Amino acid sequence: MNRNVRTWAALLVPVALVLAACSSGSNDSAGGVTRGPSEEVSYASYGDAYATAPTSTDVPGACSYEATDKKDYSGKTLNIVTHAVPVIGEPTDLHAKQFGELTGATVNVVHVPFGELFQKILTPFQTGQNAYDVLFYPSLWIGDFNQYLEPVPQKYLDLPAMKDVTRNYVDVASWQGKMIQYPMDGDRHYLKFRADVFDDPKWQADYKAATGKDLVIPATWDDYNSVATFFTGKDWDGNGEPNYGSAEVTKRDDLMFSAFISRAAPYAKNPNVKGGFFFDLKTMKPLINTPGFVKGLDLFTAAQKAFPPNGSNFGLGDEIFSFGGGQTLMSYSWDDAFIQAQQSDSAIRNKVAAAPLPGGSQVWNRLTNSWDKPATPNLAPYITWGWTSAVSKQSENKDIAFDFLCFFSNEANHAIDLQIGRFGVNPYRNADFVAASWEAQGWAPNTASTYVATLSGMDSSQNRVFDLRVPGVGEFMSSLANGVAEALAKQKTSQQALDGVAAEWTKIVNKIGVDKVREAYASVVALEDNA
């Protein structure tokens, strides 16, 4: 493709070579680490991949470059397990290198593909092995990992940066009222769209003539599909090649279940019905095959006509570079595609805007067994799993491990990491939701204001959807992905596919234990019901 739609592999080679050449453990500044108070922090000396990366200023505090440089961990070893490069794996490598240079510690980083990461972490826990001090993983695995994680010490909870973490991500990091995951990323799904096309009088007129409707930001998923279909196959960016309406994560083993939940949520999450979104908390009967979820899957399947070539097998990386590279009009998922579009070398920088996920014109009421039709579309923000970090209870270097996580997410690193789309680090602090700070990085006012308003608005919602944070979540989501894939491939109807998922979920619950799953799920329901 010639629209800056690159493969992950093209990004990995220079980064991997540079970081692999940098061994942790030398207590010097040869790698370009800043040690003085309030000095500039730059990643540029770590290779060509960072030649255009932004810079920031070291902020005085317990986890700053200056403070970290005063720690001496010579002779100590820190073992870290993380995701493959680049998403989360790349910033882990980079900050491990910096931490080793500053403190003298030897920092070993193990990278694991997503499909293997869960078991790579869980197996040592279950067998009592002290394999890793620091863990980076999807936050929804807390239901399986919580018993093995060290609570975050009070001295870190008292830090200004930690106190700035928003409500949603304190909730995500906590289990039974105690923070056991260290926040370093804030993820949610939202709508991204090409504002320049939506604002173009020519396309407004063409859309009106073809549909009889005004071209506006989609308020419902039906609207989204309609707009996406209209703009598919048209050269709306003027480069002589066809463009497409929607880029979505559709690959079965690559987070497709999250895309489906975003589409189903406004039809299945009724603000007037408490006690469970995925299950009825009282009975633990799966709700995944009820009409709201079926409606969402019907719309997901219908949207395929607006996908780019091979769009029915897009992984997250494909979605990031399809929208971020200018191929598609709209997308939804995590921040990465939006940040990719806004990088300094992007051809569509400041041509994009953000909005809440589309809603539903109707929402299923399982108490009345009928559809409710609200006066305005029902919105259900999806606080979908984000990356998180934690320290193992078995670690013999817990103090060093927490110092590393604090350094990883210090204000200077955080400010830069947010602006590198492939890193996968997204806003989770109140300070991140100030439009002026993004404008200072060169963002247009409309781009910055819509981004900040969309993301910060999710914290105030009373109809949030969280992930299924229970033991066995991997089995539940794998089952869901298989069922959704069957519907997308038109092997089964949406109802048939989700009936199969519901049957499998019942078996999984019974295998793990109804009471065990219910106890964990109650914490999710408490968040969603604002209890």
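Let me sum up the structure you'll find in this document. (Residues numbered from 1 in each chain as written. Predicted model: local features only at pLDDT ≥ 70, side-chain atom pairs only at ≥ 80, totals over all residues. Heavy atoms only, no water.)

1. Topic: the pairing of strand β5 (residues 134-138)
By the criterion of burial, β5 is predominantly enclosed, with five of the five residues buried. Sheet topology places strand β3 (residues 77-83) next to β5; two bridges connect them, and they run parallel. Note that in β5 the partner of V81 across the bridge is L135. (Buried < 20%, exposed > 50% of the residue type's maximum accessible area, 1.4 Å probe, protein only. Helix = DSSP H or I, 4+ residues; strand = E, 2+ residues; numbered from the N terminus. Pairing = 2+ DSSP bridges.)

2. What to know about the side chain of D187
Here D187 shows up in the loop between β7 (178-179) and β8 (190-194). Buried charge without a partner: D187 forms no salt bridge, and the closest opposite charge is R188, 5.2 Å away. Leave out the neighbours within four places in its chain, and D187 touches Y169, W334, I383, T384, W385, G386, W387 and N426. (Lys, Arg positive; Asp, Glu negative; His and termini not counted. Salt bridge = Lys/Arg side-chain N within 4 Å of Asp/Glu carboxyl O. Contact = heavy atoms within 4.5 Å.)

3. A closer look at the environment of F114
Turning to its location among the elements, F114 is positioned in helix α4 (residues 114-127). When the C-alpha atoms of F114 and Y137 are compared, they prove to be 8.8 Å apart, with 23 residues separating the residues in sequence.

4. Some thoughts on the nonpolar core
F260, L480, W505 and Y521 are the most contacted members of the largest nonpolar core, which totals 161 residues. The dominant element in this core, judged by the number of residues it contributes, is helix α12 (residues 256-268), at nine residues. Aside from chain neighbours lying at most four places away, what touches Y521 is G276, F277, F278, F279, L281, M284, L468, V470 and E528. (Core = buried A, V, L, I, M, F, W, Y, C linked by side-chain atoms within 4.5 Å.)

5. Quick word on the state of the cysteines
Throughout the structure, instances matching the rule amount to one disulfide. A sulfur-sulfur distance of 1.6 Å marks the disulfide that ties C63 to C406. Measuring handedness by torsion sign, the sulfur bridge of C63 and C406 sits at about 80° and is right-handed. Note that C63 is positioned in the loop between β2 (56-57) and α2 (65-69) and C406 in helix α16 (residues 398-408), a separation of 343 residues in sequence. (Disulfide = S-S within 2.5 Å.)

6. Things to note about the pattern of salt bridges
As enumerated under the stated definition, the model contains 15 salt bridges in all. K202 is the salt-bridge partner of D206, the closest N and O atoms lying 2.7 Å from each other. Within this pair, D206 and its partner K202 are both found in helix α10 (residues 201-211), separated by four residues, close to a single helical turn.

7. Thoughts on the environment of D336
Within the secondary structure, D336 sits in helix α15 (residues 336-341). Residues D336 and A205 lie 131 residues apart in sequence; the distance between their C-alpha atoms is 31 Å. Setting aside chain neighbours within four positions, we find D336 in contact with L316, I320, G421, G424 and N426.

8. Some words on the sheet that holds strand β11 (residues 352-355)
Reading across the sheet, the four strands line up as β9-β10-β8-β11 and stay open at both edges, with mixed pairing between neighbours. Every other strand in the sheet has two partners, leaving β9 (244-247) and β11 as the edge strands with one partner each. Within the sheet, the average angular offset between the axes of one strand and its neighbour, ignoring direction, is 20°. Pairing analysis gives four bridges linking β8 to β11, with the strands arranged antiparallel. (Axes fitted to C-alpha atoms, helices over the stretch in contact; angles between N-to-C directions.)

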